Every structure is written in structure tokens, then in C-alpha cells.
Amino acid sequence: QSILKYTISPKTKISYWLYGANNTYNFIPKDRITDFGNQIKTFRMKIYFDGNEEYTYKNLGNSITLHYNPQSHTFLDFSVLYYSANEHENFDVFSQYRLSEIIPTDDNTSTVNDSTTILAIGSFLEHGRNSLSTNTSQFIHNGKYIFNNGTVSWGVSLAANNYNAIYNEWTYIDSASYSIPYNDTQITLKNAKNSTITHSQNVSAVYANISKRIEFNNTSNTTLKVSGGIRSTYDTYSAKILHNPRLRLLLKPNSKKDVAISLSLGRYYQIAQFKELITTTGILELHVKPQKSSNYVLGYSQGLKIWNRPFVFQSEMYVKLLQSIIPYTINNVSTIYYPNLEANGYIAGIDAKLNGEFVPGVESWINLSCMKAREQLSNGLSDQIRRPNDQLINFGMFFQDYLPGSENLKMNLTYLIGSKIPTSIPDAAYNEFDDYSIPVYTRIDIGFLMILLDETKNTSKKTIKNMWVGAEIFNLLDNANKISYFWIEDANQNFYGVPNYLTSRRLNVKLSIRI
């Protein structure tokens, strides 16, 4: 990545931006044994793998921008951009599994548990040869005019997007020598997607925004900043002109008390992206409405003095009313969209954060978020379900302190906890998207840092200005946090969720040198 700048005249400059990336990921699955269940019933899953997965992502982007300032308070930018991305997914993974019920043993013994009942025996063969090529050409103009306590900004953009995709993937499942789904005349593959798609989408947009700061002549030095604008877009896929108005008010009633109250309102349309338009069978959906969101956000922040040390409290309450949204589920690390369905929903919550010097000289913070996200089909033919990002509680804490007797030795402690999030079995019906949950996530990290050289405390001229060494222990308590499930389906169409876990306890050592 690089950026080059050249000054043509005091009022005219030119810049060139270049970005390139080439990333390849190779995965070779390893055999695994996973025990799961509870005190009443405990299961053991043995899986043997053969094969590998390879993912390649190539990105290239560049743009040239002309910066022109005809006056000291007027700024004009004109840019031409080209961006291309190529994705390739190749995988052939064969797996054989055995799921059995086992006899729980005392955790203090090393006795190997015995299998009592074999519940399922079978195999998977997953094959994929997928590719996606994206090319975007874009012209952008942005302008800004600054006047007394205010700013006017505007812009225009024209973009041409071209997509070429090839999907060729399927999964063969064998359970107790029966092909799933069972058919007595032919072999049926699951998750079959075989198609070639070429799609073009041109997007035009124009926006204007004005912000003005109003100062009230009173003893509290009250100020009010008003910012309002509108963005209008047109895309060839929906063939509709969409208007996105927005307004934000920021009130500071008393400059001495460092209090700020904000209110934001907006109506937003989101044009469906290419991957959101592809069904689970690899078909491009042609009649997807733009997704709509009406947002209302109330914010409050205040500077505080606690223990004669500076703190800042920040909070936001928000409500987002969603219309014509595309339902989706998350399977392991893949996002699966259902553009043939249309849903309405809402997201509501509150975020609160307190950061400051709990210990003199070092900053720590506490954060609490509460959120509720629901949706249901817009035709009313479904129950209200939890959205995949629905997480009622999310709490985080980061605490720093000096070790006794030395300011060059620091300790930091991080604590994170998140409540359950919904999940589902593969190919679930819409009402079953939230039938299962991933349990509560908890994690504690601890770190230590030793400053070896600090230029702010040593004025002598040395080649090395700053040097420190640190050690961190991630997941200190070695919690077995689940991230997803590996679903096993037997010949009777019963599903068993084998948990996939996040990383266990890890040690990380870092050395930093600045010259």
C-alpha cells in the first residue's frame, strides 16, 4: 500500500493511492475427539479427516485525486478509482465419524470412558470449486465550504460494478450406509450449488449536508450544533431513486461541566450487495427490495472527577426499525443469505462506558451493552424470531495498574462476558432459525509489560528511543467457549450438535523496539 502526493501549485495538489494484497490460506483438518453433554447424558464424537481446503483472495485498487482549493474556505476533490477483487475457494474434505453415548467418569481419574451406545456412524464428502471476480470503476467528487461557525459539504459519485461468479459445490452425507436425504432410486446431494452468474450493477449517488454551531449568549456558554443532510441514490438493479435524510443535534448546555447531549434521526436505504442476492442453490434473485432502516439515537456524555482524577462517562440509547430486510443465518464462519424471503424487524439497546484513571497515570474502562434484535416475515406467516446478532448482555472491563515499587512494570487485566446468541441446524425453516443457542461466552486475559527504555525519562541521545517487553496470557482460566456447532444428521433425520470451541489458554510474548 502506498500514497504519493505532488503539489502543482499553492491551490492545486494531486495524489495517487495504490493498494494490493494477495492472501492464500491452506487448511488441513485434523482428527478430533470431542466429549459433550451434561451429567445425565454424555456423548463422544470421533471424526477422522482426509483432504484440505485452500482459499485465495487477491485485491488490487488504485485511485488518482485532484485537490483544488480556489479559496481558503473552499475545498474541492475529484477522484477516479478502480478496484478489483478475486476470490477462489477450493476444498475436498472427506470425513468419517462415530457418535456414541459414553459413561461419565470421575474427573479426577484418568480412566478412558467406555461407549455404551453407538448413535450414529457415517461419513461426509464436501467438494467445492467456487470463484468470484469483482471489478469496480468509480468517479467521486466531494466538496466543502466553511463559513462562520458552519460547514456545507456535498458530493457526487458514479460507480459501475461487474461481478462474475462460478459456484460448484456439494456435500454427500452417508449415515449407516444410507445416503441423506434418502432416496431409493438415486443419490441425492445436499447443499448443491452449481451455477455461473454474471451481474452488473451501476450506482449513482448525490449528497448534501450542512452543519451549523449556534452559541447562546448566556452565563453557561451553551452551544448547539445542528447537522442535517440528505443522500439520494439510484441503482440499476432496483431501478429506484432512494432518499436518505438525516439530522443530528448536539447540545452542550454548560461548557464548564463538560456535558453533551445528542439526538440523531435518520432514514437509510441499503442496496443489496451481490452476495446477498444469491440463494442457497446458487440462483441470482432478481426482485429484492432495498433494505430500509429508521434510526433513532439518544446520546449522553459527561466529564467527571472521581478521586480527583479525570473520567468520562458515555452512553447511547438506540432504536432501529427495519423493513424489507434479507434474513440470514451464520453457519460456522459462513453467512448464508435468504434473498427469496423478506422480513421486518427492530433492534433496540443501550451502550454505556466509563473510562478514566482508576489508578493514577494509566487509563482503564468498563463497558456494558444491552441489545434486543427481532424479526419476522413481512407477510405475517411466521413467528417473531431472534436475529443472528441478538445478544442481550455484553460486558467488558479493562484494568491497568503499576506493580508495587516500579512505574516501569505494568499489569493489565481484561474481563469479557457475552450472553447467548441464537443458531440453528442446517437447512432449517425460517421459524427454526433461533431454535438453538450458543452458550454464554466468558474470558479473562492478563498481561504484564516491562519498559526497558523510555525517551521521555532519558534525555541522552541513543539509537534506541523506546523499548519494552511484554507477556500476555489469553483465556487465563482456560474456559471452553463454544463458537459454533458441527451438526451430525443420522438416517432418522435426528441432529446432534457437536460443539466447536475457541482457542484454549495461550501465552504471547512481545518485544517492541523504536529507533
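Just so you know, these numbers come straight off a predicted model, no measurement behind them.

For the rest of this paragraph, the subject is the pairing of strand E24 (residues 441-454). Here 10 bridges tie strand E21 (residues 409-418) to E24, and the two strands are oriented antiparallel to one another. The partner of Tyr415 across the bridge, within E24, is Ile444. Across 8 bridges, the pairing between E24 and strand E25 (residues 466-474) is antiparallel. Across the sheet, the residue bridging to Ile446 is Ile473, located in E25.

A word on unusual backbone geometry. For Asp427, which is not glycine, the phi torsion reads 55° and is therefore positive. Relative to the elements of secondary structure, Asp427 occurs in the loop between strand E22 (421-423) and strand E23 (436-438). Of the residues examined, Asp427 reaches a relative accessible area of 52% and is grouped as exposed.

Mapping Lys144 onto the fold places it in strand E6 (residues 115-147). Owing to a relative accessible area of 37%, Lys144 belongs among the partly exposed residues under this scheme. In the structure, Lys144 is positioned 129 residues away from Gln273 in sequence and 29 Å away in space, judged by C-alpha atoms. Excluding anything up to four places from it in sequence, Lys144 contacts His73, Thr74, Phe75, Thr151, Val152, Ser153 and Trp154.

Moving on, we come to a nonpolar patch on the surface. A cluster of nonpolar side chains, Leu247, Leu251, Ile261, Leu263, Leu265, Tyr296, Leu298, Met317, Val319, Leu321 and Ile350, forms an exposed patch at the surface whose accessible area comes to about 820 Å². At the level of elements, strand E11 (240-252), strand E12 (259-270), strand E13 (291-306) and strand E14 (309-325) are the ones that each hand at least two residues to the nonpolar patch. Tracing the backbone shows Leu265 in strand E12. Using a relative accessible area of 32% as the deciding quantity, one classes Leu265 as partly exposed.

About the cut-offs
Residues numbered from 1 in each chain as written. Predicted model: local features only at pLDDT ≥ 70, side-chain atom pairs only at ≥ 80, totals over all residues. Heavy atoms only, no water. Pairing = 2+ DSSP bridges. Helix = DSSP H or I, 4+ residues; strand = E, 2+ residues; numbered from the N terminus. Buried < 20%, exposed > 50% of the residue type's maximum accessible area, 1.4 Å probe, protein only. Contact = heavy atoms within 4.5 Å. Patch = residues over 30% accessible without salt bridge, like charges linked within 9 Å, V, L, I, M, F, W, Y side chains within 5 Å. Areas by Shrake-Rupley, 256 points an atom, 1.4 Å probe, with all protein chains shown as cover. Salt bridge = Lys/Arg side-chain N within 4 Å of Asp/Glu carboxyl O.

Nothing here speaks to function; it is geometry throughout.
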